[in-house]
Amino acid sequence: MSKGRVWKYGDDVNTDVIYAGKYTYQQLKPEEMAAHAFEDLDPAFAGNVRPGDVIVAGRNFGCGSSREQAAACLRAAGVQAVVAKSFARIYFRNAINLGLPVLQCEEASETMKTGDEVEIDFAGGTIASAGKVFKFPPLPDSVIGILEAGGLLAYTKKKIEGS
Amino acid sequence: MGRTFSEKVLSLKAGRAVRAGEVITVAPDYYLSHDNSSAIIGEFKKLGLKSVVAPRKIVIVLDHIVPAADEKYAQNHKTIREFVIEQKIPNFFDIHAGVCHQVFSEASFALPGKVIMGSDSHTTTYGAFGAFSAGIGRTEMASLWATDEIWLRVPETLRIEMTGKPGPGVYAKDVILKIIGDNGADRANYEAVEFAGPEAGNFSLASRMVLTNMAAEMGAKNGYFEPDDQTIAWLKARARDAYEIVKSDPDATYEAVLKYDLSRIEPQIACPHSVDNVKPVSAVVGRPFHQALIGTCTNGRLEDLEIAAKILKGKKIHPRVRALVLPASREVYLEALKKGLIEIFVAANCVILNPGCGPCLGAHEGLLAPGEVVVGTSNRNFKGRMGGRDSEIYLASPATVAASALEGKITDPRTCL
């Protein structure tokens, strides 16, 4: 469990504003990716985000392109999880594959505000913030193996070595 | 109880009868990647394998930043070309070929009943030919190259039944924009979208590709049109492999059925900064803008260029706008040349770009300065996508874009027909 602060955004936060197309085909290092996170949505984010912070958003977080730097840049910025009402399909897969927890919780998304303190208990399935505790549904079995291995590449590597 | 197309295709692949909601592991038939292959190669190499499992399933098309705009992009392309030779990947299309989704379809990897994964969100396009095709990320593509398997959740299906002939000046783009505007950018998240009803078959294959391409903008995992005589005629000359037509059962279960009377739809436009911010063109007529864009994987096919050329023929675009035209592929480009369309565009003062993604994704050629506005036929209008954070993107049909380029302001194409 680690504590962080909330950065709150709205519905349909798309991959272009999380990580702009002009950087997508340049192969940047993690810290360079982190410096461009949310550039076109919230220019104050990259300079002020701290390890352990949590993104809270509305519906359809990560819609748009399949670019997985939109998940990688947040992880590189130290974001411990994204909490949203729902996630776009490809973003959900990418985040899991890169080891960025994506938690679906309507109530937490409604209640939490920018600057709130937040503490997430991944094993217990709870988000504690502003004196309240929210429960999030467990991730599907199919993805737990990938997260436990530390992401899809590590999972695949283990599988290849095992066979 | 019957099954949907997606349930049936994935049942065939899984070797057992599956229903929506189940998670299965499958070996896809083809996997597509583009300029991001260079990043995929980087991930693949971390796995410590000497070679990819199934080189014949890999299809790579360079299209995103072609020709390379700078040294970094040139290095990406070089890395990909070397890997293609080293791994003996037979299906590689270099910078001359065009946008991956058009090239993949022309080269007929998009076959009925095939399961296709692409590391591009508009991989949904191949449903126009009755394939099951969905987008994934780079890491998953690297894993596919290494293992030839991927987990998939069998999607629920949203069925869209279309009746009524579209009126003059109304095209597939207007229909899909209307559907997205009415239902929202996440209406079909995780779902298959099946385009059906009596009008579905009246759309050309090129128009079907517009609908399945933009199903991605409703969050869809895949799109689908039932193959028909048009599909079979197209495949007769091209099919590279045996295929099996898979159709939804008449008593299949759908998440919902939406009904659209196309005769009641007028030309539509998606306004900044989301694809579901859709209005009738008539509501924004007169809005001045700076650049027109005709092309991309959504609307860069021959029929699109024909519609635009018909409007621009013998005329010049407004002196205060510039217009970019990109044929979706080399094949489309050659056909457009033979039909004299390119001459019409050049005479009208349009700039012809080489086939590829062009400025759509915001990496090169034809980007916008802060405060500028583009009216284009592409598929996304997210803030800052095509240049400065303060620029604006409107999305419409080739007819609306061509008519607007002539007038120098957003124009209802029905006034130019």
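Residues numbered from 1 in each chain as written. Chains lettered and ligands numbered in written order. Predicted model: local features only at pLDDT ≥ 70, side-chain atom pairs only at ≥ 80, totals over all residues.

## Considering the nonpolar core
For soluble globular proteins, nonpolar side chains are generally found buried alongside one another. Counted only if it meets this: By our criterion, buried Ala, Val, Leu, Ile, Met, Phe, Trp, Tyr and Cys residues that link up through C-beta atoms within 7 Å make up a nonpolar core. Here a residue counts as buried when 20 or more other C-beta atoms fall within 10 Å of its C-beta, as exposed when 12 or fewer do, and as partly exposed in between; the C-beta atoms come from the backbone. The start and end points of each domain follow an automatic or database-based domain assignment. Contact between two residues is assigned when their C-beta atoms, built from the backbone, lie within 7 Å.
Formed by 192 residues in total, the largest nonpolar core has its most connected members in C73(A), V82(A), V83(A) and A402(B). Formed jointly, this core draws a minimum of three residues from each of two domains, domain 1 (8-260) and domain 2 (271-412) of chain B. With near-sequence residues (within four places) excluded, V83(A) lies in contact with V54(A), V56(A), L103(A), C105(A), A108(A), S109(A) and I127(A).

## Some words on the interface of chain A and chain B
Heads up, the condition is: Put simply, Ala, Val, Leu, Ile, Met, Phe, Trp, Tyr, Cys and Pro go in the nonpolar bin, Asp, Glu, Lys and Arg in the charged bin, and everything else, Gly too, in the polar bin.
Taken together, the contacts link 34 residues of chain A with 43 residues of chain B. Considering only residue class, the side of chain A that touches chain B consists of eleven nonpolar, 13 polar and ten charged.

## Looking at the packing of helix α2 (residues 37-46) of chain B against helix α3 (residues 71-86) of chain B
Residue and element names in this part refer to chain B. Applicable threshold: Fitting a line to C-alpha atoms yields each axis, with helices limited to the stretch in contact; the angle taken between N-to-C directions then spans 0 to 180 degrees. Numbering of helices and strands starts at the N terminus; helices are DSSP runs of H or I of at least 4 residues and strands are runs of E of at least 2. For classification purposes, angles smaller than 35 degrees are called roughly parallel, those larger than 145 roughly antiparallel, those between 65 and 115 roughly perpendicular, and all remaining angles oblique. Less than a right angle of anticlockwise turn of the near helix away from the far helix marks a crossing as left-handed, whereas a clockwise turn marks it as right-handed.
For the pair α2 and α3, interaxial distance at closest approach is 8 Å and the crossing angle is 60 degrees. Taken together, the axes of α2 and α3 lie oblique to each other. For α2 against α3, the interelement crossing comes out left-handed. Taking contact as the criterion, the partners of S37, S38 and I41 in α2 are, on α3, N76, T79, I80 and F83.

## Regarding the domain arrangement of chain B
Interfaces are often sized by the accessible area lost when the parts come together. All names here are of chain B. Its domain assignment divides chain B into domain 1 (8-260) and domain 2 (271-412). Distance from the C-alpha centre of domain 1 to the C-alpha centre of domain 2: 24 Å. Taken together, the 31 residues of domain 1 in the interface contact 30 residues of domain 2. Of all the elements in the fold, those that place two or more residues in the side of domain 1 that touches domain 2 are α4 (100-106), α6 (172-183) and α7 (205-215). Here the element with the most residues in the side of domain 1 that touches domain 2 is α6; it accounts for six residues. Per-class residue counts for the side of domain 1 that touches domain 2 are 13 nonpolar, twelve polar and six charged.

## Points about the sheet that holds strand β4 (residues 102-104) of chain A
Residues and elements named next belong to chain A. We count it as follows: When DSSP finds two or more bridges between a pair of strands, those strands are recorded as paired.
A sheet is described by the order of its strands in space; here seven strands give the open sequence β4-β3-β2-β1-β5-β6-β7, paired in mixed fashion. Only two strands of the sheet have a single neighbouring strand rather than two, namely β4 and β7 (132-135). Strand-to-strand twist in this sheet, taken as the mean axis angle between neighbours without regard to direction, amounts to 30 degrees.

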